[in-house]
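Chain by chain, the residues run as shown.
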Amino acid sequence: MDVVVYGVINSVSLALVALGFALVYGISRLPNFAHGALYVTTGFITWSFLKSLGLNYVISGVLALIITGLVGAGIYRAILIRIRGMAISEIIASYAIGLAILEGFRYWGFKGMTYTLPTFTKKTFILLDVPVDGHRVLVVVLGAFVMFLLWAFTHYTKVGLALRGMAQDERAAMMLGIDSDLMALLAMGLGSALAGISALFLLPLGNIVVEKGYDVLIQALAVCIVGGLGSWAGAILAAFIIGFAQVVSTAYLGAKFQMVVSLIAILTVLILKPSGLFGRQKELEERV
Amino acid sequence: MKRGLLFVCVVGLILGLWMNPVQAQKPIVLGCPLSTAFLYGWTAEKGVKLAVEEINAKGGVKVGNETRPFAVEVIDTRDLEPGVPVSEALMAVEKLILEKKADFILGGPVRSEAALAAMPLLSKHKKISILSTGALSPKYHETVAQEYDKYKYCFRIHGEAKQLVKEILMGFEELKQKYGLDKIYILVQDVAHARASGEIISKLAKEKGFDVKGMEVFPTGTTDFSMGLMAVKRSGAQIMNIWMDMPESAILLRQWYDLKIKALPFGSTLAAAEQPGFWKATEGKGEFTLCNVVNAGNAPSNATPWTMQFYDAYTKKYGIEPEGLGASSSYMAVYALKDAIERAGTLDPDKVVEALEKVDMEGVYGRLRFDPKSHQVVPAFDPKEGAVGSILQWQAGKRVVVLPKSIAKGEILIPQWMKEK
């Protein structure tokens, strides 16, 4: 039962981390390599509001999310819009921005164990005879709720439908009067805020450290590649495959194999279906 | 008028030079290759700079007939960061030697793998290096002993893994005698010194009659330890011996508390628990964690009269207590070097090596001497005999030194839930 309980927790955590990246790529075809930096930025901003200004935790978190969303949208408007469609340039530019943000934090002295966020609850629950700390249980519940909200937003709101239209066929969406740049800007803002939401949920489990930004980017990339770049449903399914692969390998082979097993899972999926589980980029070539 | 002004300037200049002779001399450059984003890097940098400030304030270092100040050059090696290749640290060392013209290398490289890889480089440039933080691998001083002529420029002034293992075993014995705890589970980070130490402690603990239930190796950067902790719980282990220097080990200790695992965490190079910020970082959940901070002075004790002097000076200068491995040893590395240079009367590396081999002084963590064959600081359990270690336990928000007995300030405690049947 340990494997089931912690497998679900690990998978939901991975899905949360990857969702923002998948959303931005799905809509604007823009690989946001500053995703991890925006994750860490939310953590440091929340910490600053909470500890330096003494604001309430919820208010600090909401303000941090708004700021992170605006930073993400600002990055798109100021830099990425100019190179949109040039895949390599997009990767290099967004990675450079992420690097500057993360190393900037390090340069400004954001290092050490001082930067932590309080957990949502200090209780411990017993689920299926397995003890689990309350915060992790809340991560699963709130994570599922965020995914539901995102689904509802993209299916029942005008902006959400426009975003989906863009994701399906940008040219057709433009013919219907949808402003492609505005939607990409919104997607970048929303994707950045999603990176921020995952930070608010997951950072209280440990410390806010610069290195986390790099880890998060790698995790998001792995999940999105297996799921199929641009597919939100694929990202969630991939998060469960990798999440369970890690937990099963830790339980039966040892913790040191968890990275190896998750990499094997990625390689296996890519050998069998190079576009990822729900990817459509090379679908035609694969069929041929 | 103009001539008068010129006269005043010249007299001022002469007086300035006369009144501050140390500053006028060419400084002795101490090159510090340190992973500054991590505890063992930044705390070493602080230790070195504190000692240099004190020495320069008292006039500097006497080299033959002249007195020269120390100057510090630090380059971030990033060798404690996951995924950063050893070559980065080697480039930092080379840059310190060739570009910054470092006369001596102090502090790092911090990761054992990088420190070992830097040895041929130091030998090639005949550059004396005193390792004072991070690197714990016994292979370092064993290599010096095996190829003395080649590696005689390499010294280490902090404790190494074998001594740490002895200290940890002493802690196990104490726990066995006091609380009857004799079942151990070992949790290590996937890095050279931790894996090696885990293997050694497993072997020695078995020889001493302890029941070693298992060993789990976690990749650097692990953020969820629940499955490993469940394995500890199932095994019935009573002591959790941890060898991890990654900051994520704070998560392990939070989960240990949340899951109420009945095994006392006993860490070595457990960087997270060494730092004063650990209590806040774990919201107090890390209480009862035992942790080896390698040398006295990195936590409050009265090992020697100098221990608390250093402790207070560090706290006053930086607004935080000495934070862990690297603080007291890096501070003492500067003083040991000063002593050797003054006795050698020159900066000639071969002569300073000879002088360092004869260092015998009372330092922050006891009597300081280097083994003349291996250049490893001579360890001891009594500060009068040699460099003494320091094992602390988190008790009610404070770091209390509990072992070795010669410098202890309190007794080992265990949480209430471990006492319940």
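Residues numbered from 1 in each chain as written. Chains lettered and ligands numbered in written order. Predicted model: local features only at pLDDT ≥ 70, side-chain atom pairs only at ≥ 80, totals over all residues. Heavy atoms only, no water.

Novice: Honestly, the overall build of chain A in this entry has me stumped. Any pointers?
Specialist: Of regular secondary structure, chain A possesses twelve helices and two strands. Against the 2.2 N^0.38 benchmark of 19 Å for 288 residues, chain A shows a C-alpha radius of gyration of 19 Å, consistent with a compact globule. With the C-alpha coordinates aligned to their principal axes, the bounding extent of chain A is approximately 55 × 50 × 35 Å. For chain A, the residues scored as buried account for 56% of the 288 residues in total. Put simply, of all contacts in chain A between residues at least 6 apart along the chain, 72% involve residues at least 24 apart. (Helix = DSSP H or I, 4+ residues; strand = E, 2+ residues; numbered from the N terminus. Rg over C-alpha atoms; globule rule 2.2 N^0.38 Å. Buried < 20%, exposed > 50% of the residue type's maximum accessible area, 1.4 Å probe, protein only. Contact = heavy atoms within 4.5 Å.)

Novice: What is the right way to read the packing of helix 2 (residues 35-52) of chain A against helix 9 (residues 211-227) of chain A from this model?
Specialist: Helices that pack against each other are described as a pair by the angle of their axes relative to one another and the distance between those axes. Residues and elements named next belong to chain A. Taken N-terminus to C-terminus, the directions of helix 2 and helix 9 make an angle of 130°; their axes are 7 Å apart at the nearest point. One finds that helix 2 runs oblique with respect to helix 9. Here the hand of the crossing between helix 2 and helix 9 comes out right-handed. Where helix 2 abuts helix 9, its residues His35, Gly36, Ala37, Tyr39 and Val40 lie against Lys212, Gly213, Val216, Leu217 and Ala220. Taken together, the residues of the contact of helix 2 with helix 9 sort by class into six nonpolar, three polar and one charged. (Axes fitted to C-alpha atoms, helices over the stretch in contact; angles between N-to-C directions. Parallel < 35°, antiparallel > 145°, perpendicular 65-115°, else oblique. Left-handed = near helix turned anticlockwise from the far one by under 90°. Nonpolar A, V, L, I, M, F, W, Y, C, P; charged D, E, K, R; others polar.)

Novice: Could you clarify how one ought to interpret the nonpolar core in this entry?
Specialist: Looking at soluble globular proteins, one finds that nonpolar side chains tend to be buried together. Counting 210 residues, the largest nonpolar core has Phe70(B), Ile157(B), Met332(B) and Ile341(B) as its most contacted members. The leading source of residues in this core is helix 1 (residues 2-28) of chain A, at 16 residues. Contacts of Ile341(B), omitting those with residues within four sequence positions, involve Ile28(B), Val61(B), Lys62(B), Val63(B), Phe70(B), Phe104(B), Thr346(B), Leu347(B) and Val352(B). Core analysis: the next-biggest nonpolar cluster, separate from the first, contains 19 residues, Leu96(B), Ala115(B), Ala118(B) and Leu131(B) among them. (Core = buried A, V, L, I, M, F, W, Y, C linked by side-chain atoms within 4.5 Å.)

Novice: Please clarify how the packing of aromatic side chains should be interpreted in this entry.
Specialist: Two aromatic rings, taken as a pair, are described by how far apart their centres are and by the angle between their planes. Going through the model one piece at a time under the given rule, you end up with 28 aromatic pairs over all chains. Between Phe155(B) and Phe370(B), the ring centres sit 5.1 Å apart and the planes meet at 70°, which makes this aromatic pair edge-to-face. Separated by 215 residues along the polypeptide, Phe155(B) in strand 7 (residues 154-156) and Phe370(B) in the loop between strand 14 (366-368) and strand 15 (379-380) bring together distant segments of the chain. Across this residue pair, the class does not change: Phe155(B) and Phe370(B) are buried. Within the aromatic cluster, the residues linked to one another by ring pairs are Phe44(A), Trp47(A), Phe105(A), Trp108(A), Phe110(A) and Tyr115(A). The positively charged end of Lys176(B) is found above the aromatic ring belonging to Phe210(B), 4.6 Å away from the centroid. A cation sits over an aromatic face here: Lys260(B) above Tyr257(B), 3.8 Å from the ring centre. (Phe/Tyr/Trp six-rings, centres within 6.5 Å; stacked < 30°, edge-to-face > 60°. Lys NZ or Arg CZ within 6 Å of the ring centre and 35° of its normal.)

Novice: Could you clarify how one ought to interpret the sheet that holds strand 8 (residues 183-189) of chain B in this entry?
Specialist: Strands pair in a sheet through their backbones, by hydrogen bonds, and they do so in one of two ways: parallel or antiparallel. Residues and elements named next belong to chain B. Pairing within the open sheet is mixed, and its seven strands lie in the order 9-8-10-11-12-17-18. At either end of the open sheet lies a strand with only one pairing partner, and these are strand 9 (211-218) and strand 18 (398-403). Looking at each pair of strands side by side, their axes are set apart by 25° on average, direction ignored. Sheet topology places strand 10 (residues 239-243) next to strand 11 (residues 264-268); five bridges connect them, and they run parallel. Counted as the bridge partner of Trp243 is Ser268 from strand 11. (Pairing = 2+ DSSP bridges.)

Purely geometric numbers; function is a separate question.
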